[in-house]
There are 2 protein chains.
Amino acid sequence: MEKEAHLSAAYPFWPRLTPEEREAILGSCVEMTYEKGSGIHRSDMTCRGALLLLSGTLRAYILSEEGREVTLFRIHAGESCVLSASCLLDAIVFDIFIDAAADARALVIPTSVLHPIMERNPYVGLYLYKQATERFSDVMWTMQQILFMGVDRRVAIFLWDELTRQEGPVLKITHDELARNIGSAREVVTKVLRYFSEEGIVQLKRGRLEVLDREKLRALL
Amino acid sequence: MEKEAHLSAAYPFWPRLTPEEREAILGSCVEMTYEKGSGIHRSDMTCRGALLLLSGTLRAYILSEEGREVTLFRIHAGESCVLSASCLLDAIVFDIFIDAAADARALVIPTSVLHPIMERNPYVGLYLYKQATERFSDVMWTMQQILFMGVDRRVAIFLWDELTRQEGPVLKITHDELARNIGSAREVVTKVLRYFSEEGIVQLKRGRLEVLDREKLRALL
């Protein structure tokens, strides 16, 4: 697939650009490859620009002072990430790290090209800020549940208890049952389990789940 | 000041509206008064709309399951708050509470009027999402520092130690010195102290600070 097809599929503002603006983006965006584990964005790096992932997976996380990483969200192929262009968005003061979680290829639109287009064309800023709002909203949910409410810990404790009560790593339990057991809401439990699944701790199946990584689960207790 | 003057001063999209859109907003927005302590927004209340504060102060916070409140930000007179219109912004999934921290008056543009205008006019969405991004960015900073990094606790411990070493509530110390003492950055300390100041724990003065509420400070240790 050529560049323009990728860009027009990922960016809803594409039809709103003038032909000159499209030319400027097409002529300046570059395909980058990132090896698994390499750093793509951090607060002290220069601002790369808006990133459109063609293959692989990126992981956005924050670091505590003790070096504990908390995954905020993942970016999958076909998705864009505007937080790597946070210099475009005034008033993003938050330190976020983005690494390649698997070998990845991305199209990067440089800040220097995107910035003047964004100043002229409200649809570009609308898209960037809308995406930032969506990501932040997810992130805040994660931070609230994981760091503040301790739901991840309660789910982990429950799973650990169940594991020690039976043979084998497969637990037969629905999200609804789990939620009632720990006194939380089903949708909250579903999100926490999805988080555990992306971290490789469990594998989710209909009506049951398999614990894949006991050590990681234990670390949450 | 009449309604239109307030609206055009607070909303940068005002000149971008058609005369009909302005009429629709002017004809539908209502002035509300809130008594100190009353609830203005919470996830299970109907979505009020975009709120422009005319006087008083609002406080946005989250609640832990143990009922601990963490103040995320405050809204002052002349400022607008789009998070009370979170139903307008798809994908805000985060539970936030907004109360009146002091008797307050606000102009509220109902969601039902703002929504179709936002669909037509990109400048309206641009403003709403930009403001949401700014608020979220601040909020994430607060959550990271307060809940995750424990900087608030380290600052509180330092202030408490200093208080017990001397007479009276006034500490002569710059933000820079404080930051070096607790191994953090000056700008981080400045934000934490501003947070303490808004919570009524300290009063900030050039080169020194006064502890106003020893009990609240102690609660942070």
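Further up the page is the structure itself.
None of these values were measured; they are calculated from a predicted model.

Student: Help me understand the overall build of chain A, please; the structure alone is not making it clear to me.
Tutor: The helix and strand tally for chain A stands at eight helices and 11 strands. The burial tally for chain A puts 52% of its 221 residues in the buried class. For chain A, contacts bridging at least 24 residues in sequence account for 68% of all contacts bridging at least 6. In the structure as shown, chain A presents an accessible area of about 10300 Å², 46% of it carried by carbon and sulfur atoms.

Student: Any chance you could explain the sheet that holds strand β3 (residues 49-55) of chain A here in plain terms?
Tutor: Neighbouring strands of a sheet are bound in pairs by backbone hydrogen bonds; such pairs are parallel or else antiparallel. All names here are of chain A. Read from one edge to the other, the open sheet built from four strands follows the order β1-β8-β3-β6, with strand pairing classed as antiparallel. Edge positions in the sheet fall to β1 (30-34) and β6 (80-81), since each has one partner strand and no second. Alignment of β3 against β6, held across two bridges, turns out to be antiparallel. Among the inter-strand pairings, leucine 51 is bridged to a residue of β6, identified as cysteine 81. Contacting β3 and β8 (104-110), helix α3 (residues 111-120) runs over the sheet at an angle of about 50° to β8.

Student: What exactly am I supposed to notice about the pattern of salt bridges here?
Tutor: For side chains of opposite charge, pairing can occur when their charged atoms come near one another. Residues and elements named next belong to chain A. Enumeration over the complete set of coordinates arrives at 15 salt bridges over all chains. Across the salt bridge formed by glutamate 198 and arginine 74, the nearest N and O atoms sit 4.0 Å from each other. In this pair, glutamate 198 is assigned in helix α7 (residues 186-198) and arginine 74 in strand β5 (residues 69-76), connecting sequence segments 124 residues apart. Since its relative accessible area comes to 39%, glutamate 198 is described here as partly exposed. In this structure, the salt-bridge partner of glutamate 199 is arginine 74, at a minimum N-O distance of 2.8 Å.

Student: Help me understand the packing of helix α2 (residues 19-28) of chain A against α3(A), please; the structure alone is not making it clear to me.
Tutor: The description of two packed helices rests on the angle between their axes and on the distance between the axes. Residues and elements named next belong to chain A. Look at α2 against α3: their axes get within 10 Å of each other, and the N-to-C directions meet at 160°. In terms of orientation, α2 and α3 fall into the roughly antiparallel class. Between α2 and α3 lies a crossing of left-handed hand. Packed against α2, whose contacting residues are Glu21, Ala24, Ile25 and Ser28, the element α3 presents Val113, Leu114, Ile117 and Arg120 at the interface.

Student: Hey, could you run me through helix α2 (residues 19-28) of chain B in this one?
Tutor: Residues separated by three or four positions in an α-helix point in the same direction, a consequence of the helix having 3.6 residues per turn. Those residues of α2(B) that fall on the buried side of the exposure criterion are Glu21(B), Ile25(B), Leu26(B) and Ser28(B). Buried residues belonging to α2(B) abut α1 (3-10), β1 (30-34), β8 (104-110) and α3 (111-120) of chain B.

Student: Sorry, what's going on with the environment of Arg120(B) here?
Tutor: Residues and elements named next belong to chain B. Take arginine 120: it is sitting in helix α3. The class of arginine 120 is exposed, set by a relative accessible area of 54%. Sequence separation of arginine 120 and phenylalanine 158 is 38 residues, and the distance between their C-alpha atoms is 53 Å.

Student: Got a minute to help me understand the side chain of Glu210(A) in this structure?
Tutor: All names here are of chain A. Looking at where glutamate 210 falls in the secondary structure, it is placed in strand β11 (residues 208-211). A distance of 3.0 Å separates polar atoms of two side chains, one belonging to glutamate 210 and the other to lysine 205. Residue contacts for glutamate 210: discarding those within four places in its chain leaves Pro169, Val170, Ile201, Val202, Gln203 and Lys205.

Conventions we followed
Residues numbered from 1 in each chain as written. Chains lettered and ligands numbered in written order. Predicted model: local features only at pLDDT ≥ 70, side-chain atom pairs only at ≥ 80, totals over all residues. Heavy atoms only, no water. Helix = DSSP H or I, 4+ residues; strand = E, 2+ residues; numbered from the N terminus. Buried < 20%, exposed > 50% of the residue type's maximum accessible area, 1.4 Å probe, protein only. Contact = heavy atoms within 4.5 Å. Areas by Shrake-Rupley, 256 points an atom, 1.4 Å probe, with all protein chains shown as cover. Pairing = 2+ DSSP bridges. Axes fitted to C-alpha atoms, helices over the stretch in contact; angles between N-to-C directions. Salt bridge = Lys/Arg side-chain N within 4 Å of Asp/Glu carboxyl O. Parallel < 35°, antiparallel > 145°, perpendicular 65-115°, else oblique. Left-handed = near helix turned anticlockwise from the far one by under 90°. Polar contact = N/O pair within 3.5 Å; in protein donor to acceptor, adjacent residues only side chain to side chain.

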